[in-house]
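Structural description and commentary
Chain by chain, the residues run as shown.
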Amino acid sequence: GYDSDLTFANPTSGYFYDQNILLKGTDFNARVPENVTEVTFDYLTIPDNVELIDFSLANDFGVVGWMDGTHLYITQVEGKEIYANVNSSGMFSNKQKLVAIHFNNFNSSNVKEMGWFVRDCTNLPSFDFTNLDTSSADNVCLIKISFNNL
């Protein structure tokens, strides 16, 4: 599997994307508060006076989130695209209060591992794959079997 925290290179430029890559799935999951009911990845302006959660692989607050009630908002501080980690397995596993995830700014084109992405999210009624590029993922079926209604 893809068990490391390695970033991926842009084959065109050769540069590494490191500031806007999310933590690997299980590390991301550990930083998501247990009471979260909704998650939105988007191009957002960070409000004043919020406590920021660092979700960046580089641990430099390149990708940040904050809570507004039970809604977690995640954005890239430079207004650039957020890249999912190559290993995104378990990102939302066991977040039992979660009812919605919005992937408005979430590039998953280089993800290899997505197993148990939303495992045991018992209040998540369905999962919308519309904004996810799973073409490189090795185990997308493990996302789908997390739901009885897919």
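Structure shown above.
Keep in mind the model is a prediction, meaning the values are calculated, not measured. (Residues numbered from 1 in each chain as written. Predicted model: local features only at pLDDT ≥ 70, side-chain atom pairs only at ≥ 80, totals over all residues. Heavy atoms only, no water.)

A few words on the side chain of Asn-85. Of note, Asn-85 is situated in the loop between strand 4 (71-76) and strand 5 (100-103). At 2.9 Å, the side chain of Asn-85 and the backbone nitrogen of Asn-87 are in polar contact. (Helix = DSSP H or I, 4+ residues; strand = E, 2+ residues; numbered from the N terminus. Polar contact = N/O pair within 3.5 Å; in protein donor to acceptor, adjacent residues only side chain to side chain.)

Our next topic: the side chain of Asp-54. Relative to the helices and strands, Asp-54 resides in strand 2 (residues 53-54). The charged side chain of Asp-54 is buried without a salt bridge, its nearest counter-charge being Arg-31 at 4.5 Å. At 2.6 Å, the side chain of Asp-54 forms a polar contact with the side chain of Ser-56. Beyond its immediate sequence surroundings of up to four residues, Asp-54 is in contact with Leu-23, Arg-31, Asn-59, Asp-60, Phe-61, Gly-62 and Val-63. (Buried < 20%, exposed > 50% of the residue type's maximum accessible area, 1.4 Å probe, protein only. Lys, Arg positive; Asp, Glu negative; His and termini not counted. Salt bridge = Lys/Arg side-chain N within 4 Å of Asp/Glu carboxyl O. Contact = heavy atoms within 4.5 Å.)

Attention shifts here to the layout of surface pockets. In this structure, the largest pocket encloses a volume near 190 Å³. Val-99, Ala-100, Ile-101, His-102, Phe-103, Asn-104, Leu-124, Pro-125, Ser-126, Phe-127, Asp-128 and Asn-131 together form the lining of the largest pocket. Among the residues making up the lining of the largest pocket, the classes are represented as seven nonpolar, four polar and one charged. (1 Å grid on protein atoms, 1.4 Å probe; cavity = no way out; pocket = protein on both sides within 12 Å on 5 of 7 lines; lining within 4 Å. Points joined across faces, edges and corners; volume = space filled by probe spheres on them. Nonpolar A, V, L, I, M, F, W, Y, C, P; charged D, E, K, R; others polar.)

Overall, mixed pairing links the five strands, which are arranged 2-3-4-1-5 in an open sheet. For this open sheet the edge positions go to strand 2 and strand 5, each flanked by a neighbour on one side alone. As paired strands, strand 1 (residues 38-41) and strand 5 are joined by four bridges and run parallel to one another. Its bridge partner lying in strand 5, Thr-40 is registered against His-102. (Pairing = 2+ DSSP bridges.)

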